[in-house]
Amino acid sequence: MSSLQGFLTVPGDKSISHRALIFSAFAEGRVQIDNLSPAHDVRSTADCLKKLGLTVVVREVNGIPSTIEIESGGITSLKEPSAVLDAGNSGTTMRLLAGLVAGRPFVSRFDGDESLRRRTMKRVIQPLSEMGARVRAAEDMYAPFEITGHQLYGKKFSLAVASAQVEACILLAGLQARGETVVTAPYTVRDHTRRMMSFLNVPFHSHERTIGVSCLTKPIAPYHVTVPSDISSAAFFMVAAALTPGSDLTLQAVGTNPGRTLIIDVLRSMGADIEIRNNRELCGEPVSDIRVRYRGPLSGVALRKEEIARGIDEIPILGLAGALSQGTFEVSGAEELRHKESDRIKALCANLLPAGVDVVEKPDGFVVTGKRSIPGGSAWSTKGDHRLAMTGMIASLVFEQAVEIDDPDCMSVSYPGFAADLTQVLSG
Ligand code: S3P
């Protein structure tokens, strides 16, 4: 089996890229974002902002979008989009932009691809309606839907699900509302929105899982953001290195926001050798180099509900680590995984089982009994879900035989260069 060696810088963080783009709508003047995520999801956000009247210029390096410049006239200069705001596969695009346009005096129509049309928008439509936006949606509150922006009124929200997307949506609306808007999440979620606001000098107050904003009284000053590397992309390499004898891989300048670092904590508690070095800050976000060295077989652990939000996107790849660990790897309280780009619990179990993994699906997670080796050689269905595709690529590496991935191209949703980067760090 080839080991993973050397140094790799994975592309810019998708969550931070979305926010860096969307906050430009509140700025007056020129905004520059470096190391923007090349994810198709992020391109969807940029395209929607163009439709709302911002001037967006993307600069490419080797054919990959890298730096973006935006000319913004401030929130009041947004205009009614003549075309549908197409969020593609991106829940973050749809949910955050819904909050942005909820306070604007025009009609915005939202839609997405087949997968996004199956993801509930009730969790944003409901609070935005309560704040005063007029939303026209089918009874089930799935996309497509239409928002007629209106005078918004601040409110207090206590979220039923630990969702950073919903928190950000409400805050973006709250920055345009009369009175104070306060959001409390049930568990720790990624706090990129609050860090971005702090970096851009947007006033807010926060305490633990609660954050409050009022109407923004003056435009955000022109800004320049450099986006850290995406820990959710780095996660695939971390697991691959932890499972592959002889590996010694350093992932550089990775964002280590405490709301995203479950992958590090879990791999360490499974016995992986992970060294966090060169801690620093980049535009208000913590950043580190992460060195992963193969140490030996991992041990199973149990993940519980209160931890899941800090690593919601990493559960599929952690499940793969569990399949090759000693003992039992268990995930519970993770029903949110059924509402992602695919039903990730069902799809992951359906791929692991025929590969020879001893896995049992549960309503809110799964239980894997680890084995020393997994035969593989089976079909791997991504369901169009980028994270399942990348999990399949790593499965091909660590199983006895490669799996057959039906739709590897869907990786572009978050990481178009994944296969090339994997090849780069694999030593013969
Ligand atoms: C995101 C939050 C998470 C995550 C998604 C990106 C964000 O979703 O799964 O990939 O940028 O806020 P939820 O907050 O809805 O769990």
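Refer to the structure presented above.
Residues numbered from 1 in each chain as written. Predicted model: local features only at pLDDT ≥ 70, side-chain atom pairs only at ≥ 80, totals over all residues. Heavy atoms only, no water.

1. Some words on the site of the ligand
Step number 1: Surveying the vicinity of the ligand reveals the residues Ser15, Arg19, Thr92, Ser163, Ala164, Gln165, Arg190, Ile312, Asp313 and Lys340.
Step number 2: Within the backbone of Gln165, a nitrogen or oxygen atom sits 3.1 Å from an oxygen atom of the ligand.
Step number 3: Interatomic distance of 2.7 Å between a side-chain N/O atom of Lys340 and an oxygen atom of the ligand.
Step number 4: The set of elements that each furnish at least two residues to the shell around the ligand consists of α1 (14–23) and α5 (164–174).
Step number 5: Classifying every residue of the shell around the ligand by side-chain character gives two nonpolar, four polar and four charged.
Step number 6: The residues that make up the shell around the ligand include at least three from each of domain 1 (14–213) and domain 2 (229–427). (Near = heavy atom within 4 Å. Polar contact = N/O pair within 3.5 Å; in protein donor to acceptor, adjacent residues only side chain to side chain. Helix = DSSP H or I, 4+ residues; strand = E, 2+ residues; numbered from the N terminus. Nonpolar A, V, L, I, M, F, W, Y, C, P; charged D, E, K, R; others polar. Domains from an automatic or database assignment.)

2. Overview of the packing of helix α7 (residues 231–243) against helix α8 (residues 262–269)
Step number 1: The geometry of α7 relative to α8 is characterised by a closest axis approach of 10 Å and an angle of 20° between their N-to-C directions. By the angle between their directions, the pair α7 and α8 is classed as roughly parallel. Seen along the crossing, α7 lies across α8 with a hand that is right-handed. Here Ile231, Ala235, Met238 and Val239 of α7 lie close against α8, whose contacting residues are Ile263, Ile264 and Leu267.
Step number 2: Here the residues of the contact of α7 with α8 sort into seven nonpolar, no polar and no charged. (Axes fitted to C-alpha atoms, helices over the stretch in contact; angles between N-to-C directions. Parallel < 35°, antiparallel > 145°, perpendicular 65-115°, else oblique. Left-handed = near helix turned anticlockwise from the far one by under 90°. Contact = heavy atoms within 4.5 Å.)

3. Let's talk about unusual backbone geometry
Step number 1: For the peptide bond that leads from Ala143 to Pro144, omega is 5°, which places it in the cis range.
Step number 2: Even without being glycine, Met141 reaches a positive phi, approximately 60°.
Step number 3: Within the element layout of this structure, Met141 appears in the loop between β7 (134–137) and β8 (145–148).

4. Re the packing of aromatic side chains
Step number 1: Applying the stated criterion to the full structure yields seven aromatic pairs.
Step number 2: On the basis of an interplanar angle of 40° and a centroid distance of 6.1 Å, the ring pair of Phe23 and Phe26 is categorised as tilted.
Step number 3: A relative accessible area of 2% means that Phe26 is categorised as buried.
Step number 4: Here the aromatic rings of Tyr415 and Phe418 are separated by 5.3 Å at their centres, their planes lie at 70°, and the arrangement is edge-to-face. Of the two residues, Tyr415 and Phe418, neither departs from the other in class, the shared state being buried. (Phe/Tyr/Trp six-rings, centres within 6.5 Å; stacked < 30°, edge-to-face > 60°. Buried < 20%, exposed > 50% of the residue type's maximum accessible area, 1.4 Å probe, protein only.)

5. Observations concerning the side chain of Ser163
Step number 1: Note that Ser163 resides in the loop between β10 (156–158) and α5.
Step number 2: In this structure the side chain of Ser163 is engaged in a polar contact, spanning 3.1 Å, whose partner is the backbone nitrogen of Val166.

6. Some words on the environment of Lys340
Step number 1: The residue Lys340 is located in the loop between β20 (328–331) and α11 (344–355) in this model.
Step number 2: Since its relative accessible area comes to 14%, Lys340 is described here as buried.
Step number 3: Each C-alpha atom of the pair Lys340 and His150 lies 30 Å from the other, and the pair is 190 residues apart in sequence.
Step number 4: Sequence-distant contacts of Lys340, that is, excluding residues within four places in its chain, are made with Arg119, Ile312 and Asp313.

7. Structural notes on the pairing of strand β4 (residues 64–73)
Where a strand is regular, its side chains alternate between the two sheet faces.
Step number 1: Of all ten residues in β4, seven are buried; the element is thus mostly enclosed.
Step number 2: The pairing of strand β3 (residues 55–61) with β4 spans seven bridges and is antiparallel. Within β4, the position partnered with Thr55 by the bridge is Glu71.
Step number 3: A loop of two residues connects β3 with β4, the two strands running antiparallel in sequence, and Asn62 in this loop sits at a positive phi of about 50°. (Pairing = 2+ DSSP bridges.)

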